[in-house]
Amino acid sequence: VIPSMRSLTAEEYVEAFKSFLDHSTEHQCMDEFNKEEMPNIMAGLGNGKPTINVLGVGSGTGEQDLKMIRMLQAAHPGVLIDNEIVEPNPQHVAAYKELVNQAADLQNVSFIWHQLTSSQYEQQVKEKGTHKKFDFIHMIQMLYRVEDIPNTIRFFHSCLDHHGKLLIIILSDSSGWASLWKKYRHCLPPTDRGHYITSNGIADVLKRLGFAYRVYEFPSGWDITECFIEGDPVGGLMMDFLTGTKDFLGTAPPRLRQQLQEALCQPECSSRKDGRIIFCNNLSMFVVES
């Protein structure tokens, strides 16, 4: 008897996500953005205040957060940084705290973690009735998991101080994900519970809300060759990440599995390089003004 398909638990997601990071240039792509664009974005923050307030929404394990904190320290030497984090996954929160404990260069930074989803955090803020304002808020690759994207963006934008900036990083419409979600949605299992939103969808929301923004595109790839090797454990984890499903290859109907593997090989999703199959993982970075 084939076990039935089910969604990933928080622990299983962490493992599948790690296999994605290990085989993709997601973080290198963000580093490229940090190097090329972030210094200008950071320079204007805080407006000369002695403390800069930062909020990370869906911060995961914190690697990207701490890179941005260090850039902020470099742009504003001696300024205190008050960093709050909203992250629902307990494993991710624990890993983030461990990173902070090991870092010797964060003396001027204070950390507050809220182990909550973005909507729980929003509810808490509204119940308290006190609205803390932030100079910099970032939402990196997290809007796929919120119930109401326009309202979430509107709420966090309302948390910006004067001259504050909101950074949204999302998959680009030029990515393989966009083709997969638009053209091959029938190849994805019902257990994949996310919003299939890419950069054009975010641009539409920002325009409707009347927010001024700039958008930057950066290329990224994900080597998915192992997805096509029968019985490969790494390939299995990659397919779990792609579909949000535990043991997709072992539990999906053979027809669905075949359809998805065929879709992943299409030129609008992937390219071939040195015998490897590279899925297009391009990112769009939106910088939204307060």
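Calculation criteria
Residues numbered from 1 in each chain as written. Predicted model: local features only at pLDDT ≥ 70, side-chain atom pairs only at ≥ 80, totals over all residues. Heavy atoms only, no water. UniProt positions renumbered as here; feature names shortened; annotations may be inferred. Helix = DSSP H or I, 4+ residues; strand = E, 2+ residues; numbered from the N terminus. Contact = heavy atoms within 4.5 Å. Buried < 20%, exposed > 50% of the residue type's maximum accessible area, 1.4 Å probe, protein only. Pairing = 2+ DSSP bridges. Right-handed = clockwise from strand over helix to strand, strands pointing away. Axes fitted to C-alpha atoms, helices over the stretch in contact; angles between N-to-C directions. Phe/Tyr/Trp six-rings, centres within 6.5 Å; stacked < 30°, edge-to-face > 60°.

J.: I keep staring at the UniProt feature "binding site: substrate" (unreviewed entry) in the protein chain and nothing clicks. Help me out?
T.: The UniProt record marks E26 and N281 with the feature "binding site: substrate" (unreviewed entry), using the residue numbering of this structure. Judged by maximum C-alpha separation, these annotated positions cover 256 residues in sequence but sit close together in space, the widest gap being only 7.4 Å. Residue position: E26 is located in helix α2 (residues 26–36). Leave out the neighbours within four places in its chain, and E26 touches F20, L21, Q141, S220, N281 and L283. The exposure class of N281 is buried, given its relative accessible area of 0%.

J.: Just to check I follow, could you spell out the pairing of strand β1 (residues 51–57) for this structure?
T.: Along any regular strand, the residues point their side chains to alternate faces of the sheet. The element β1 is largely enclosed, with a buried count of six among its seven residues. Two elements, β1 and strand β2 (residues 80–86), share seven bridges in a ladder whose sense is parallel. Bridge pairing links V54 to N83 in β2. Following the chain from β1 across helix α4 (residues 63–75) to the adjacent parallel β2, one finds a crossover that is right-handed.

J.: It is not clear to me how the sheet that holds β2 should be interpreted in this structure. Could you clarify?
T.: Within a sheet, adjacent strands bond to each other through the backbone by hydrogen bonds, running parallel or antiparallel. The strand order across the open sheet built from seven strands is β3-β2-β1-β4-β5-β10-β6, with neighbouring strands paired in mixed fashion. Looking along the sheet, the strands with just one partner apiece sit at the ends: β3 (109–114) and β6 (213–218). In this sheet, neighbouring strand axes are inclined to one another by 15° on average, regardless of whether the strands run parallel or antiparallel. Where helix α6 (residues 118–128) meets the sheet, it contacts β1, β2, β3 and β4 (134–140), and its direction lies at approximately 115° from that of β2.

J.: Would you mind going over the environment of S110 with me for this structure?
T.: Structurally, S110 can be placed in strand β3. A C-alpha to C-alpha distance of 8.1 Å links S110 and L80, two positions 30 residues apart in sequence. The residues touching S110, leaving out its near neighbours within four places in the chain, are I81, D82 and N83.

J.: What exactly am I supposed to notice about the packing of aromatic side chains here?
T.: Any aromatic ring pair is given by two values, namely how distant the centres are and how the planes are angled relative to each other. The tally for this structure, following the rule as stated, stands at 22 aromatic pairs. Aromatic side chains Y13 and F17 sit 5.8 Å apart centroid to centroid with 10° between the ring planes, which places their arrangement in the stacked category. Of the two residues, Y13 and F17 are both situated in helix α1 (residues 10–23); the distance of four residues between them amounts to about one turn of the helix. Judged by relative accessible area, which is 28%, Y13 ranks as partly exposed. When the ring of W222 is compared with that of F279, the centres are 5.9 Å apart and the planes differ by 90°; the resulting orientation is edge-to-face. Separated by 57 residues along the polypeptide, W222 in strand β7 (residues 221–223) and F279 in strand β9 (residues 276–280) bring together distant segments of the chain. Relative accessible area serves as the criterion here: at 0%, W222 is assigned to the buried category. The exposure class of F279 is buried, given its relative accessible area of 1%. An aromatic cluster of three or more residues is present, and its members are Y13, F17, F20, Y144, W177, W181, Y196, W222, F241 and F279.

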